[in-house]
Every structure is written in structure tokens, then in C-alpha cells.
Amino acid sequence: MKRDITMTPTAYTPSTTQIGPILRQTAAALRWPLVALSRYYTAVLERPVGIRQTLLLLNAQTAFLFAAFPVSGPLVLRALCVAWLLHAVLKCRAAL
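Cut-offs applied
Residues numbered from 1 in each chain as written. Predicted model: local features only at pLDDT ≥ 70, side-chain atom pairs only at ≥ 80, totals over all residues. Heavy atoms only, no water. Helix = DSSP H or I, 4+ residues; strand = E, 2+ residues; numbered from the N terminus. Rg over C-alpha atoms; globule rule 2.2 N^0.38 Å. Buried < 20%, exposed > 50% of the residue type's maximum accessible area, 1.4 Å probe, protein only. Contact = heavy atoms within 4.5 Å. Areas by Shrake-Rupley, 256 points an atom, 1.4 Å probe, with all protein chains shown as cover. Axes fitted to C-alpha atoms, helices over the stretch in contact; angles between N-to-C directions. Parallel < 35°, antiparallel > 145°, perpendicular 65-115°, else oblique. Left-handed = near helix turned anticlockwise from the far one by under 90°. Nonpolar A, V, L, I, M, F, W, Y, C, P; charged D, E, K, R; others polar. Core = buried A, V, L, I, M, F, W, Y, C linked by side-chain atoms within 4.5 Å. pLDDT = per-residue confidence, 0-100.

**Student:** Help me out: how do you make sense of the overall build of the protein in this one?
**Tutor:** When helices and strands are tallied, the protein shows three helices and zero strands. The N-to-C order of helical and strand elements in the protein reads α-α-α. Over its C-alpha trace the protein gives a radius of gyration of 24 Å, far above what one expects of a compact globule, namely 12 Å for 96 residues. Judged by the C-alpha coordinates and their principal axes, the protein covers about 80 × 40 × 20 Å. Within the protein, the proportion of its 96 residues that are buried is 16%. Across the protein, contacts joining residues at least 24 apart in sequence account for 33% of those joining residues at least 6 apart. Counting only carbon and sulfur atoms, one obtains 68% of the accessible surface of the protein, whose full area is about 8,100 Å².

Here's what the structure looks like:
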């Protein structure tokens, strides 16, 4: 008794109708932490804060961490971090 199976290859090309919902769900999942943080900033600042402003606030906070905490770093690196902090704060102030 001979048991042979013949399979013909077919090219699978997902249509955009299949990919669209997956991309929307992925984008919503990636955006959710920013939305939650935006709501927190809105509650703290008592004014509406959007996603872009949330990203600017995060940039300013990160710049502050890099400017304040590397005490033993080279002076040039600390000066760059302070310049980054000033730039971030000015951008944040202009957006709010």
C-alpha cells in the first residue's frame, strides 16, 4: 500500500482588509501607555495635555535625569546634557 500525498504550493498574500484591523489594534496597544500618561499629566496640570505634549514632557524629564545624575561623567558630556535639558524645557514650554 503506497501512501503519497501531493501538496501544491500556493502563494499566501494577505489582503489589506485582513491587515488593517491588526495594525489598528497594534497601534492602539502601543498608544495606550501614552494616553494613560497624558491623562495623568492632564490631572496634575489641570489642563488638557495631548500625546505630543506628553512626549515633550517625557523628553524634558529624561533630559533632566541625564543632566542631573551622571555626576562622574566628563564635563563635555554633562554640558551636552544640560543643553539638551534647556532645549527640551523650551520646546515643552512653547507647546504648553
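**Student:** Honestly, the packing of helix 2 (residues 51-68) against helix 3 (residues 75-95) in this entry has me stumped. Any pointers?
**Tutor:** Each packed pair of helices is defined by two parameters, the angle between the axes and the distance between the axes. Closest axis-to-axis distance for the helix 2/helix 3 pair is 8 Å, and the angle between their directions is 155 degrees. As the angle between them shows, helix 2 and helix 3 are arranged roughly antiparallel. Our pair here, helix 2 against helix 3, has a crossing hand that is left-handed. Counted together, Arg 52, Gln 53, Leu 56, Leu 57, Asn 59, Ala 60, Thr 62, Ala 63, Phe 64, Phe 66 and Ala 67 of helix 2 and Arg 78, Cys 81, Val 82, Trp 84, Leu 85, Ala 88, Lys 91, Cys 92 and Ala 95 of helix 3 form the full contact between these two elements. Its residues assigned to classes, the contact of helix 2 with helix 3 comprises 14 nonpolar, three polar and three charged.

**Student:** Is there a simple way to explain the nonpolar core in this structure?
**Tutor:** Generally speaking, nonpolar side chains in soluble globular proteins are found buried as a group. If you look at the biggest cluster of nonpolar residues, it comprises six residues: Ala 60, Ala 63, Ala 67, Cys 81, Leu 85 and Ala 88. The contact partners of Ala 63, leaving out residues within four places of it in the chain, are Cys 81, Trp 84, Leu 85 and Ala 88. If you look at the next biggest cluster of nonpolar residues, it comprises five residues, including Tyr 41, Val 49, Leu 57 and Cys 92.

**Student:** Help me out: how do you make sense of the confidence of the model for the protein in this one?
**Tutor:** For residues with low pLDDT, the predicted coordinates do not support detailed interpretation. Model confidence for the protein is summarised by a mean pLDDT of 87, while 91% of its residues fall at 70 or above. Put simply, helix 1 (residues 16-45) is where the protein has its lowest mean pLDDT, 88, and helix 2 is where it has its highest, 93.

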